[in-house]
Amino acid sequence: MNSAHDRLTVFEAHRRLLHGIAYRMLGSVSDAQDIVQETWLRWSRADTAEVETPRSWLVTVASRLCLDRLKSGRTRREEYYGTWLPEPYLAETPVAGGRSVDESVSIALLLVLEKLSPVERTGFLLHDVFGHSFEEIAKILGKPAVNCRKLVSRARQRVRTGRPRFEATKGEHETMLARFLEACRAGEMAPLLELLDEGVKLYSDGGGKATAVPRVLADRAMIAKFFINISRQGGPAHGFHETRPTFFNGTPGTLVCAEGRLITALSLEISGGKITGIFAHRNPDKLRLLGEEAE
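To keep things clear, this report deals only with the structure shown in the data block.

The rules behind each value
- Residues numbered from 1 in each chain as written.
- Predicted model: local features only at pLDDT ≥ 70, side-chain atom pairs only at ≥ 80, totals over all residues.
- Heavy atoms only, no water.
- Helix = DSSP H or I, 4+ residues; strand = E, 2+ residues; numbered from the N terminus.
- Buried < 20%, exposed > 50% of the residue type's maximum accessible area, 1.4 Å probe, protein only.
- Pairing = 2+ DSSP bridges.
- Axes fitted to C-alpha atoms, helices over the stretch in contact; angles between N-to-C directions.
- Contact = heavy atoms within 4.5 Å.
- Lys, Arg positive; Asp, Glu negative; His and termini not counted.
- Salt bridge = Lys/Arg side-chain N within 4 Å of Asp/Glu carboxyl O.
- Polar contact = N/O pair within 3.5 Å; in protein donor to acceptor, adjacent residues only side chain to side chain.
- Expected span 1.5 Å × (residues − 1).
- Arc of directions from axis to C-beta.
- Phe/Tyr/Trp six-rings, centres within 6.5 Å; stacked < 30°, edge-to-face > 60°.

## Some words on the overall build of the chain
Part 1 of the argument: Of regular secondary structure, the chain possesses 11 helices and five strands.
Part 2 of the argument: Each of the 295 residues in the chain was classed as buried or not, and the buried ones make up 49%.

Right under this line is the structure:
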């Protein structure tokens, strides 16, 4: 595998896997792209004659790069203005009629993963999502396999405690999203409150570059009033009601545009037939790829 063509062929066969790992590790499409590019640079310079399993080599390099970035990025997260949400991820739409959404890239799960330590997050994702053995993870993390088993078990328990149950199908998500938008436009509290769970939370990420709720809002009535007021202030005359269905982070979502410009990407978390979470991406830096899709 010494030719440049062979190296590129092998790498391209694993590009999607590497990008998927990096995104779930970092919650950022742009950072994931950087990791994939750096992995390629290292692969292009490596002595591939010494590589027994290219897939393992590539995953190890990408994972360690992500781990380093996670450790150095903690301060960045802490200094982020307002509520942080992972960058929208344009994963493939599931097959029509599929039972469930893609939980592994869901906003809800990625927010829970943010609470884990970098090594816990790495171990959990590599084992529970990508199916790597504890022996493989041990080589990546530089820890004994028995320690990796314990940290993954600890991470799994924290994830189970913190994440919701994913019961809704793609169709149920689409129906609930349509009902939610219709209730907002109607401007009546009762129908909107009926859709919202008692413990519903609103996450709005503006990153200091767009107007957004600065903290997670956890008051059901206030959340309902907020969306009704937004709908009334915008109104059809201002183009606020120009919505376009889309699919990101494993679930159906909607793009909200004003005068042809994408201003919000909205998605829901659903459990027990109610809306338990509302995610509003408004940071223009994070809307770049969705904006290109909308255009």
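This is not the end of the story, as more comes after the structure.
## Focus on the pairing of strand β5 (residues 274-281)
Part 1 of the argument: Counting buried positions along β5 yields seven of eight residues, so the element is predominantly enclosed.
Part 2 of the argument: Where strand β1 (residues 196-205) and β5 come together, six bridges link them in parallel fashion. Following the sheet pairing, Leu-196 is matched in β5 by Ile-275.
Part 3 of the argument: Here strand β4 (residues 261-271) runs beside β5; their pairing, made up of seven bridges, is antiparallel. Counted as the bridge partner of Leu-268 is Ile-278 from β5.
Part 4 of the argument: Joining the antiparallel neighbours β4 and β5 is a turn of two residues, in which Gly-272 adopts a positive phi near 65°.

## Some thoughts on the sheet that holds β5
Part 1 of the argument: On the basis of which strands lie adjacent, the open sheet formed by five strands has the order β1-β5-β4-β3-β2 and mixed pairing. For this open sheet the edge positions go to β1 and β2 (242-248), each flanked by a neighbour on one side alone. Adjacent strand axes in the sheet meet at a mean angle of 25°, parallel and antiparallel pairs treated alike.
Part 2 of the argument: Sheet topology note: the β2/strand β3 (residues 251-258) ladder contains seven bridges and is antiparallel. Paired with Glu-242 across the bridge in β3 is Cys-257.
Part 3 of the argument: The strands touched by helix α8 (residues 170-186) within the sheet are β1, β2, β3, β4 and β5, with β4 carrying the most contacts at an inclination of about 120°.

## Observations concerning the side chain of Glu-269
Part 1 of the argument: Tracing the backbone through its elements, the reader meets Glu-269 in strand β4.
Part 2 of the argument: Of the buried charged residues, Glu-269 lacks a salt bridge, with Lys-201 as the closest side chain of opposite charge at 8.6 Å.
Part 3 of the argument: Here the side chain of Glu-269 touches Thr-276 through a polar contact of 2.7 Å, side chain to side chain.

## Things to note about the environment of Ile-278
Part 1 of the argument: Along the chain, Ile-278 turns up in strand β5.
Part 2 of the argument: Residue Ile-278 is classed as buried on the basis of its relative accessible area of 0%.
Part 3 of the argument: Sequence spacing of Ile-278 and Ala-108 is 170 residues, and the spatial spacing of their C-alpha atoms is 9.8 Å.
Part 4 of the argument: Excluding its chain neighbours within four sequence positions, the residues that come into contact with Ile-278 are Phe-180, Leu-196, Val-200, Lys-201, Leu-202, Tyr-203, Ile-223, Phe-227, Leu-266, Ser-267 and Leu-268.

## Some points on α8
Part 1 of the argument: A rise of 1.5 Å per residue sets the reference length of α8, with its 17 residues, at 24 Å; its end C-alpha atoms lie 24 Å apart and thus fit the reference within 8%.
Part 2 of the argument: All buried positions along α8 are accounted for by Lys-170, His-173, Met-176, Leu-177, Phe-180, Leu-181, Ala-183 and Cys-184. Projection of α8 onto a plane perpendicular to its axis shows the buried side chains occupying an angular sector of 160°, all on one side. Opposite the packed face of α8, turned more than 90 degrees from it, sit the exposed residues Glu-182 and Ala-186.
Part 3 of the argument: Positive backbone phi, approximately 75°, marks Gly-187, located one or two places after α8.

## Observations regarding the packing of aromatic side chains
Part 1 of the argument: By the definition in use, this model includes six aromatic pairs.
Part 2 of the argument: Seen in terms of ring centroids, Phe-11 and Trp-40 are 5.3 Å apart; in terms of plane orientation they differ by 55°. Their pairing is tilted. In this pair, Phe-11 is assigned in helix α1 (residues 4-26) and Trp-40 in helix α2 (residues 29-45), connecting sequence segments 29 residues apart.
Part 3 of the argument: For the pair Tyr-23 and Tyr-89, a centre-to-centre distance of 4.2 Å together with 15° between the ring planes defines the contact as stacked. Of the two residues, Tyr-23 sits in helix α1 while Tyr-89 sits in the loop between α3 (54-78) and α4 (107-113), which places them 66 residues apart along the sequence.
Part 4 of the argument: A relative accessible area of 0% means that Tyr-23 is categorised as buried.
Part 5 of the argument: Given the relative accessible area of 12%, Tyr-89 is considered buried.

## Focus on the pattern of salt bridges
Part 1 of the argument: Under the criterion given, the structure shown has 14 salt bridges.
Part 2 of the argument: Across the pair Arg-42 and Glu-38 runs a salt bridge whose closest N-O atoms are separated by 3.0 Å. Of this pair, Arg-42 and Glu-38 both sit in helix α2, four residues apart, roughly one helical turn.
Part 3 of the argument: Here Arg-42 falls in the partly exposed class, since its relative accessible area comes to 39%.
Part 4 of the argument: Between Glu-120 and Arg-158 there is a salt bridge; the shortest N-O distance is 3.1 Å. Placement of Glu-120 in helix α5 (residues 118-129) and of Arg-158 in helix α7 (residues 145-162) is noted, with a sequence separation of 38 residues between them.
Part 5 of the argument: In this structure Glu-120 comes out as buried when scored by relative accessible area, which is 6%.
Part 6 of the argument: The network of salt bridges with common partners includes Asp-31, Asp-34 and Arg-69.

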